[in-house]
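Architecture at a glance
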Amino acid sequence: MNLLDSELVASKLVQAGYEPCEDEALAGILLFNTCSVRDHAENRVWSKLGALRVRKEQEPELLIGVLGCMAQEHKIYLRTRMPHVDRVCGTMDFGKIDEYIAEIREKREGLVQTGDGASGDLVLRDVKQRPNRAQAYVNIIRGCNMPCTYCIVPATRGVEVSRPIAEILPEVEALVGDGVTEVTLLGQTVNAYGHDLPDKQNLSKLLRELHAIPSLRRIQFITSHPNFLTRELMETMAELPRVSRYFHLPAQSGSNEILQRMKRLYTREKYLARIRDLQELIPDMEFASDWIVGYPGETEEDHELTKSLMEEVRFSQSYVFKYSPRPLTVADDYFEDDVSEEIKARRNQDLLAIQNRISLEKNQALVGKVVEILLEGPSKKGEGRFQGRTAHHRIVHLEGVGPQQVGCYLPVRIEKAMSHSMMGQLVDEERFTMDSRDAGDEGILSA
Ligand code: SF4
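Thresholds, definitions, all that
Residues numbered from 1 in each chain as written. Predicted model: local features only at pLDDT ≥ 70, side-chain atom pairs only at ≥ 80, totals over all residues. Heavy atoms only, no water. Near = heavy atom within 4 Å. Nonpolar A, V, L, I, M, F, W, Y, C, P; charged D, E, K, R; others polar. Helix = DSSP H or I, 4+ residues; strand = E, 2+ residues; numbered from the N terminus. Buried < 20%, exposed > 50% of the residue type's maximum accessible area, 1.4 Å probe, protein only. Core = buried A, V, L, I, M, F, W, Y, C linked by side-chain atoms within 4.5 Å. Contact = heavy atoms within 4.5 Å. Pairing = 2+ DSSP bridges. Axes fitted to C-alpha atoms, helices over the stretch in contact; angles between N-to-C directions. Domains from an automatic or database assignment. Buried area = accessible area lost by both parts, 1.4 Å probe. Salt bridge = Lys/Arg side-chain N within 4 Å of Asp/Glu carboxyl O. Expected span 1.5 Å × (residues − 1). Arc of directions from axis to C-beta.

Looking at the site of the ligand
Around the ligand sit Cys 144, Met 146, Cys 148, Tyr 150, Cys 151, Val 153, Pro 154, Gln 188, Thr 189, His 225 and Arg 264, and those are all the residues in its vicinity. Taken together, the residues of the shell around the ligand sort by class into seven nonpolar, three polar and one charged.

Here you go:
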């Protein structure tokens, strides 16, 4: 969501005549789009802002702004602690960022704006302003109504507000018209989409509308809450072959005691039942989950239950976080952060070790097979390689391709498997069918 918000802000500023600057030291405006989910992310922003104090003294014309969740959370305190910050702009106000910048330049005084201003989606999106040619994020619902006791998001992002299908559809059509073939629909609780809209709009209906757009080859959506995974949604996903077969469904814990303390509003049994139902309808579906270790009151038994849930589902990916108390949350107000850092670190490693083993086993099963990837760009590992993703969201590194193929769907034979990625070799395109959805399990193509 933050990546998309940054894209929308950049797009708005380009439309207003500003130019992006590659070198931070040469920029006349520095905007930080921030996250409050963990204290680690916040600490990095505080330290970055602190380091800019001297530069601001030397360059009074430099304009520094803080956007997003930290702005929403800290409001005036942010400028009290960092008086050299010119603009504090909350999660619902960045739609007017160009006006705010003009205002500051005129008045030369700091401003804090964290009200119920224009939502980010009121930024008229210029579909040509985006970092990836073939892939795009599209927000469909903002905010969250859930009561998770550890989470600051409802306080910083507000209540759920869905965008009507009539607004989303033309945006996606315009993106596809400009070369996008993969969209990722975004929301904090993306599968709760539509409940606040008239005419029973929901994610199933939206997926059907989007699936009818020719040339749109992959449709993903994140992040889902297990409680809103309805039978209708599961059947829709099964019916629509271009809807992703990689499903991010955060479990957070495998212990009912902890799930109750987290107020996730489901049990381990209910979570597993949803997974099984979806696997029955879509046998090649792969799952990913988020986990919090060291939640207040988490015992070794609770931790063992989380480990066993990981083993049972065999997720293809896990994002593991050590619990840290966040302000404005029930857990911070009422629970003692009573699991030591040492134990949190060990449990974190336990879960990572399990996930790494399972991921490696899943990747090894693909060695020698041909999969279709969407080539995304240069490999993060460098060495002249490029990387792409399979229909199941697995990363494949390969050589022998160039920037001109970025955004193309390519058949690749898997040669080596690691935990987090695979190495592959481009195969003769003409000898293979190119629609992975026709290729069956794991997007395996046949000669
Ligand atoms: S569903 Fe829970 S964890 Fe997710 S954003 Fe809402 S409150 Fe936070």
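Comments concerning unusual backbone geometry
Outside of glycine, negative phi angles account for most residues, and trans bonds account for most peptide bonds. With omega at 0°, the peptide bond leading from Ile 222 into Thr 223 counts as cis. When you line up the elements, Thr 223 lands in the loop between β9 (218–222) and α10 (231–239). Phi at Lys 75 is positive, roughly 45°, even though this residue is not glycine. Position of Lys 75 among the secondary structure elements: in the loop between α4 (69–74) and α5 (76–81). Assessed through its relative accessible area of 35%, Lys 75 is described here as partly exposed. Although it is not a glycine, Arg 314 adopts a positive phi angle of roughly 55°. Checked against the element boundaries, Arg 314 lands in the loop between α13 (300–313) and β12 (317–322). Residue classification places Arg 314 among the partly exposed residues on the basis of a relative accessible area of 32%.

With respect to the nonpolar core
Counting residues in each nonpolar core, the largest one holds 53 residues, and the members touching the most others are Ile 140, Leu 185, Leu 207 and Met 237. When residues no more than four places from it in sequence are discounted, the contact partners of Leu 207 are Leu 185, Ile 219, Phe 221, Leu 233, Thr 236, Met 237, Leu 240 and Val 243. If you look at the next biggest cluster of nonpolar residues, it comprises 16 residues, including Ala 27, Leu 30, Ile 64 and Ala 71.

Section: the sheet that holds strand β10 (residues 246–248)
Strand order in the open sheet formed by three strands is β10-β11-β12, with parallel pairing between adjacent strands. Every interior strand has two partners, whereas the edge strands, β10 and β12, have only one. On average, each strand axis in the sheet is tilted by 15° relative to the strand beside it, whichever way the strands run. Summarising the sheet, β10 and strand β11 (residues 286–293) pair through three bridges and their orientation is parallel. Its bridge partner being in β11, Tyr 246 is matched across the sheet by Glu 286.

Here we look at the domain arrangement of the protein chain
As far as domains go, the protein chain holds domain 1 (2–113), domain 2 (122–364) and domain 3 (370–443). Each of domain 1 and domain 2 has a C-alpha centre, and the two are 28 Å apart. At the junction of the two partners, domain 1 supplies 22 residues and domain 2 supplies 22 residues. In this assembly, domain 1 packs against domain 2 so that about 1900 Å² is buried in total across both faces, 58% of it on carbon and sulfur atoms. Area buried by domain 1 at its contact with domain 2 is led by Leu 4, Glu 7 and Glu 73, which between them contribute 27% of it. Seen at the junction of domain 1 and domain 2, the total is three salt bridges.

Quick look at α13
Across its 14 residues, α13 extends 20 Å between first and last C-alpha, which sits within 8% of the 20 Å expected from 1.5 Å per residue. Restricting attention to buried positions, one finds in α13 the residues Asp 302, His 303, Thr 306, Leu 309, Met 310 and Val 313. Viewed end-on, α13 has its buried residues packed into an arc of 115°, placing them on one side of the element. Elements in contact with the buried residues of α13: α11 (256–262), α12 (268–281), β11, β12 and α15 (341–364). Residue Arg 314 follows α13 closely and has a positive phi angle near 55°.

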